[in-house]
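Analysis of the macromolecular model
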Amino acid sequence: MTHVPHLSADPADVIASYAQCNLLGGTRIPTAAGMEVLNPATGKGIGMAAASSADETAAAVAAAKAAGAGWAALPARERGKRIAAAGRALAAEAETVARVLCLETGKALRTECRGELSVAADLLEFYGGLASELKGETVPFHPRSLTVTTREPLGVVAAILPWNVPLVLMMLKIAPALVAGNTVVVKAAEEAPFATYAAADILMRHLPAGVLNVINGDGPTCGAALTAHEDVAKITFTGSEEVGETVYKAGAERIIPVSLELGGKSPMIICADADLDKTVTGAIAGMRFTRQGQSCTAASRIYVHESLFDAFLARLTAQLDALTIGDPMDEGTDVGTIISARQAEVISAYVEKAEATEGARVIRCARLPDSPDLSPDLFLQPTLLLDLPEDHPCVQEEIFGPVAVIQKWSDYDAVIACANATRYGLAATVWTGALSTALDATARLNAGYVQVNQNLTIQPNVSYGGFGRSGLGKEASLEAMLEHFTRKKTIVLNFD
Ligand code: NAD
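These figures come from a predicted structure and were not determined experimentally.

**A look at the pattern of salt bridges**
- If you walk through the whole model with that rule in mind, you get 28 salt bridges.
- In this structure, the salt-bridge partner of Arg-99 is Glu-95, at a minimum N-O distance of 2.8 Å. Of this pair, Arg-99 and Glu-95 are both found in helix H4 (residues 94-105), four residues apart, which corresponds to roughly one turn of the helix.
- Residue classification places Arg-99 among the partly exposed positions, given a relative accessible area of 26%.
- Linking Glu-112 and Arg-291 is a salt bridge whose minimum nitrogen-to-oxygen distance equals 3.1 Å. Of this pair, Glu-112 sits in helix H5 (residues 109-128) while Arg-291 sits in the loop between helix H10 (276-286) and strand E13 (301-305), placing them 179 residues apart in sequence. Each of the two residues, Glu-112 as well as Arg-291, counts as buried.
- Where salt bridges share partners, they join Glu-241, Glu-245, Lys-249, Arg-423 and Arg-469 into one cluster.

Take a look at the structure:
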């Protein structure tokens, strides 16, 4: 096992320590090229990350492959204990990693980054405790033979991350993969790689060299080299639909399993008998306004019964107006920035389309910060779009920003049809006081994660994954570990 010292308490020092390198086989390996990472809140560079070539990517796969047999041979509980211990170690250094995450993503430290670290550490402890569940079955095939199934690791897993919640998404992938006996190469998100490196460094203290490896680079070079590598046995990806398709094709070319989490346009249906206060709180939490709406599960289509519409809108806008948008590192800040100028442009283009639509209304909430130290373009206001036709791009497509569509409804069957009318199927929520409505709606909604009277984000032990264009496979549960990170072998013993 390689000894890695505790992280410096200063996030700038932590970032500097990962300048232009990958974490391979337990050590920092410099790369020939680098790419600058910006602090979205200031527009200034915070460090140079690795820009891995195809060969440098292949070296990471080789390190993971070399560590595979030894790791898989450990008793499952021993692997689980190490992953749980890694979770506790991450929790102990969470504040430093949260500050690194804040600097590179622009997400508010108090409302977002600290919570992300807490869920990330919890996921490691959760999966560590599931190691004993890597069980097979006995099969009643023949009375004079013993027929059993066993669960085996797949080999080297490639885990490709986006920038929005990199640490939670990383643990959703690597914790079940490692507990199941696989070794992993994580491809960090190029906009926000350093918190991924810092968290991995902490985990590596509890793992044999090469079991966990982290690389960074752009998608077409590093990501594509990873998905095409002949020694990668499984790909798990979260990101855009477009890249998800490319990754799926790369897996198909070598006939290896691929899990995809690709986003959504999740409906929130508020019925006439819903508790108004809860729905307003649920809309703000569900839309992830404090994360600038950068969430695949964001409740970005809110269908409100006509009898509650005006009261709901008044309370929602009042609460959104009270949010403080500002320096992400400031303890008083509720909402930080969008990740990049490119994303800000995409989001603004959607809002402009809504503004150009006859009869539509656009409401912008809260005040933008006014500080010469902050880059103005990446702070966006929580924005509500009203009175849009259902086939409008803002209603149908994922905007991935702080923009929610609010629609008025009166006919229950029609609103269920609208809720199901996008190409996605990630999540949905229903808000009602009637069990009969809840049961009917949850049965009819076309989404992989349906909640009633709450709008929680990913929870350990609750299977999470979408239908349709939202992706393939489940995460966060025992089922996710067994189905997506092991293969099942059938063994028949006959000594008759
Ligand atoms: P992306 O899909 O472009 O990138 C995600 C990851 O895939 C990154 O690590 C990237 O380097 C890698 N990648 C890119 N091209 C690749 C290739 N050819 N082969 C292998 N890997 C490749 O996502 P993004 O640029 O981070 O965000 C763009 C859009 O994706 C957003 O606007 C949003 O709609 C969506 N998104 C969804 C989620 C989600 O949680 N579902 C998260 C982030 C972004």
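The structure having been displayed, the exposition proceeds.
**Remarks on a nonpolar patch on the surface**
- Taken together, the side chains of Val-139, Phe-141 and Val-492 present a nonpolar region at the surface, about 270 Å² in accessible area.
- For Val-492, the location among the structural elements is in strand E20 (residues 486-494).

**A look at the site of the ligand**
- Taken together, 27 residues are adjacent to the ligand, and Leu-161, Trp-163, Lys-187, Glu-190 and Ser-240 come closest.
- Leu-161 places a main-chain nitrogen or oxygen 2.7 Å from an oxygen atom of the ligand.
- Interatomic distance of 2.8 Å between a side-chain N/O atom of Lys-187 and an oxygen atom of the ligand.
- In isolation the ligand offers 820 Å² of accessible surface; the protein chains occlude 89% of this area.
- When contributions to the shell around the ligand are tallied by element, the ones reaching two or more residues are helix H8 (219-228), strand E10 (232-238), helix H9 (241-254) and helix H12 (341-355).
- A domain-level breakdown of the shell around the ligand finds at least three residues from each of domain 1 (11-262 + 470-492) and domain 2 (267-460).

**Quick look at the packing of helix H6 (residues 166-179) against helix H7 (residues 194-204)**
- Axis separation between H6 and H7 bottoms out at 9 Å; the angle between their running directions is 45°. Comparing their axes, H7 and H6 come out oblique. Helix-helix and strand crossings are classified by hand; for H6 and H7 the assignment is right-handed. Residues Pro-166, Leu-167, Met-170, Met-171 and Ile-174 of H6 lie in contact with H7, whose contacting residues are Ala-195, Thr-196, Ala-199, Ala-200 and Leu-203.

**What about the nonpolar core?**
- Leu-90 and Met-171 are the most contacted members of the largest nonpolar core, which has 84 residues in total.
- Top contributing element to this core by residue count: H6, with eleven residues.
- Ignoring sequence-local partners within four residues, the contact set of Leu-90 consists of Val-97, Leu-117, Ala-120, Ala-121, Leu-124, Met-171, Ala-199 and Ile-202.
- Among the nonpolar cores identified, the runner-up in size contains 32 residues, and Ala-41, Leu-308, Val-335 and Leu-374 belong to it.

Calculation rules
- Sequence order as written defines the numbering, with residues in each chain counted from 1.
- Confidence filtering applies because this is a predicted model: local features only for residues at pLDDT of at least 70, side-chain atom pairs given and counted only at 80 or more, and all residues used for totals across whole chains, interfaces and linings.
- Remark: hydrogens and water are excluded; side-chain values derive from all non-hydrogen atoms of the structure.
- By definition here, a salt bridge exists when the distance from a side-chain nitrogen of Lys or Arg to a carboxyl oxygen of Asp or Glu is within 4 Å.
- A run of H or I in DSSP becomes a helix once it reaches four residues, and a run of E becomes a strand once it reaches two; helices and strands are each numbered from the N terminus.
- The cut-offs for exposure are 20% and 50% of the maximum accessible area for each residue type, with area from a 1.4 Å probe on protein chains only; residues under the lower value are buried, those over the upper are exposed, and the others partly exposed.
- Put simply, a patch holds well-exposed residues, over 30% relative accessible area, that have no salt bridge, with like charges counted together within 9 Å and Val, Leu, Ile, Met, Phe, Trp or Tyr side chains within 5 Å.
- Only the protein chains shown count as covering a residue, and every accessible area follows the Shrake-Rupley method with a 1.4 Å probe.
- For each residue, the test is whether any non-hydrogen atom lies within 4 Å of the molecule or strand; if one does, the residue is near.
- Whenever a nitrogen or oxygen atom comes within 3.5 Å of another N or O atom, the pair is scored as a polar contact, on the condition that within protein one atom can donate a hydrogen and the other can accept it, and that pairs from neighbouring residues in sequence are kept only if both atoms are in side chains.
- An automatic or database domain assignment supplies the start and end points of every domain.
- Between N-to-C directions, angles span 0 to 180 degrees; the directions come from axes that are lines fitted to C-alpha atoms, helices contributing only their stretch in contact.
- The scheme is simple: roughly parallel for angles under 35 degrees, roughly antiparallel for over 145, roughly perpendicular for 65 to 115, oblique for anything else.
- By convention, the crossing between two helices is left-handed when the near helix turns anticlockwise from the far helix through less than a right angle, and right-handed when the turn is clockwise.
- Whether two residues are in contact is decided by their heavy atoms, any of which lying within 4.5 Å being enough.
- Here, nonpolar core refers to any group of buried Ala, Val, Leu, Ile, Met, Phe, Trp, Tyr and Cys residues whose side-chain atoms link them within 4.5 Å.

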